[in-house]
Amino acid sequence: MTTTLTPQDGCTVVTGGASGIGLVTARLLLADGARKVALMDLNEPAHDVLEELRRRYGPERVQVLTCNVSQRDEVHAAVAAVGKDVPVSGVVSCAGTVMAKPSLDLTLDDLHKLFDVHLAGSLFTAQAAAIAWIASDTAGAIVNTSSVAANFGWPGRLPYPVAKAGIEALTRTLAVEWARWGIRVNAVSPGSVDSPLMADGKRPPGIKPLSEVADRHALGRVAQPQEVAEAITFLLSAKSSFITGAVLAVDGGFTITKDSAKELAQ
Ligand SMILES: NC(=O)c1ccc[n+]([C@@H]2O[C@H](COP(=O)([O-])OP(=O)(O)OC[C@H]3O[C@@H](n4cnc5c(N)ncnc54)[C@H](O)[C@@H]3O)[C@@H](O)[C@H]2O)c1
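Predicted, not measured: the structure shown is a model, and the values here were computed from it.

Thresholds applied
- Residues take numbers from 1 onward in each chain, read along the sequence in its written order.
- This being a predicted model, a pLDDT of at least 70 is required before a residue's local features are given, and a value of 80 or more before pairs of side-chain atoms are given or counted; all residues contribute to the totals for chains, interfaces and linings.
- Values shown for side chains rest on all heavy atoms present in the structure; no hydrogens or waters enter the calculation.
- Any residue with a non-hydrogen atom lying within 4 Å of a molecule or strand is treated as near it.
- Think of a polar contact as two N or O atoms within 3.5 Å of one another; within protein, one of them needs to be a possible hydrogen donor and the other a possible acceptor, and neighboring residues in sequence only count if both atoms come from side chains.
- Using a 1.4 Å probe, accessible areas were evaluated by the Shrake-Rupley method; residue-level cover was limited to the displayed protein chains.
- We call Asp, Glu, Lys and Arg charged. Ala, Val, Leu, Ile, Met, Phe, Trp, Tyr, Cys and Pro are nonpolar, and the rest, Gly among them, are polar.
- For the purposes of this entry, the term helix denotes a DSSP run of H or I that reaches at least four residues, the term strand denotes a run of E that reaches at least two, and both are numbered from the N terminus.
- Under the scheme applied here, a residue whose accessible area is under 20% of the maximum for its type counts as buried, over 50% as exposed, and between as partly exposed, the area being computed with a 1.4 Å probe on protein chains only.
- The criterion for strand pairing is that DSSP finds at least two bridges linking the strands in question.

S.K.: What's the story with the site of the ligand in this structure? I'm lost.
M.R.: Neighbouring the ligand are 28 residues; Ser19, Asp41, Tyr160, Val193 and Ser195 lie closest to it. Between the ligand and the protein, one listed contact pairs an oxygen atom with a side-chain N or O atom of Ser19 at 2.6 Å. Summarising the interface, the protein chains cover 93% of the accessible area of the ligand, which totals 840 Å² for the free molecule. Class assignment for the residues of the shell around the ligand results in 13 nonpolar, 13 polar and two charged.

S.K.: Is there a simple way to think about unusual backbone geometry in this case?
M.R.: Leaving glycine out, the prevailing phi sign among residues is negative, and the prevailing peptide bond configuration is trans. A positive phi angle, near 55 degrees, is found at Asp137, a position not held by glycine. Tracing the chain through its elements places Asp137 in the loop between helix H4 (108-136) and strand E6 (138-139). By relative accessible area, Asp137 is classed as partly exposed at 41%.

S.K.: Help me understand the pairing of strand E3 (residues 36-41) in this model?
M.R.: The two faces of a sheet get side chains in turn, since along a regular strand they alternate between them. Where burial is concerned, most of E3 is hidden: six out of the six residues are buried. Neither face of E3 is left uncovered, since the one carrying Lys36, Ala38 and Met40 and the one carrying Val37, Leu39 and Asp41 both have all their residues buried. In terms of strand pairing, strand E2 (residues 11-15) meets E3 through five bridges, oriented parallel. Its bridge partner lying in E3, Val14 is registered against Leu39. Across five bridges, the pairing between E3 and strand E4 (residues 62-66) is parallel. Considered in E4, the bridge of Leu39 is made with Val64.

Structural data, given as structure tokens:
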């Protein structure tokens, strides 16, 4: 009989865990009593942030894995390393980046830049956890990160909405394929989020500042990362035990607001 693991039972691997939504999700998991989190990212979290997390929640509960999620072997090795001490109980894929470039100029490298991190990264992380679960007759939950961008034409950003639409297709396919092992796979689809990705100076040229897109959300504002993290932790928890293959909009009513796409186009 398969044992279902919750965040309290093991380690939740959070890709993109050094920043933004991933980091806040890790913090929320720890505050809610998760046994351990592993922050998997190209970069380490800021030194003071990591120190604070370890001081507050205990060094044994916070692991840092420096890893490129688009490299299958790296990801599998990192997830296996986590599982040596504490079983992996869940996966959150938040690693990602954005790009603004006219579709007429896109190259294969551009497509790789976005598809490798979003699509291959989400697949490889989920795959590494699923292999461990199936081998040990346990099962956990996987949460991917889509975006409202998957749902409408987004001129000048093509690889991003395509990658996010792919993440939604991947989520549904893995949910069906892995249901026989009790593994649940869901996604959140945020609207605009006040994270470092969208910060002045970090946001690529051509992506509008948050202040200019706030009113495209029915609630008239953008999200704080915590509001997305709350949805992610719900989808990891036993409270969502009968939810799989779902894409949960966490968008303040962005997708139901009529002129969203037209207004966002520059
Ligand atoms: N911020 C928003 O408005 C928004 C809206 C919808 C969806 N999202 C999605 O949410 C997710 C998290 O974004 P965020 O806003 O927290 O951004 P962020 O920039 O704060 O965090 C993203 C993290 O991903 C890491 N990363 C990038 N490429 C990587 C790779 N190849 N391997 C490992 N780590 C890698 C970065 O180092 C960074 O720490 C992304 O998938 C993003 O597309 C963000």
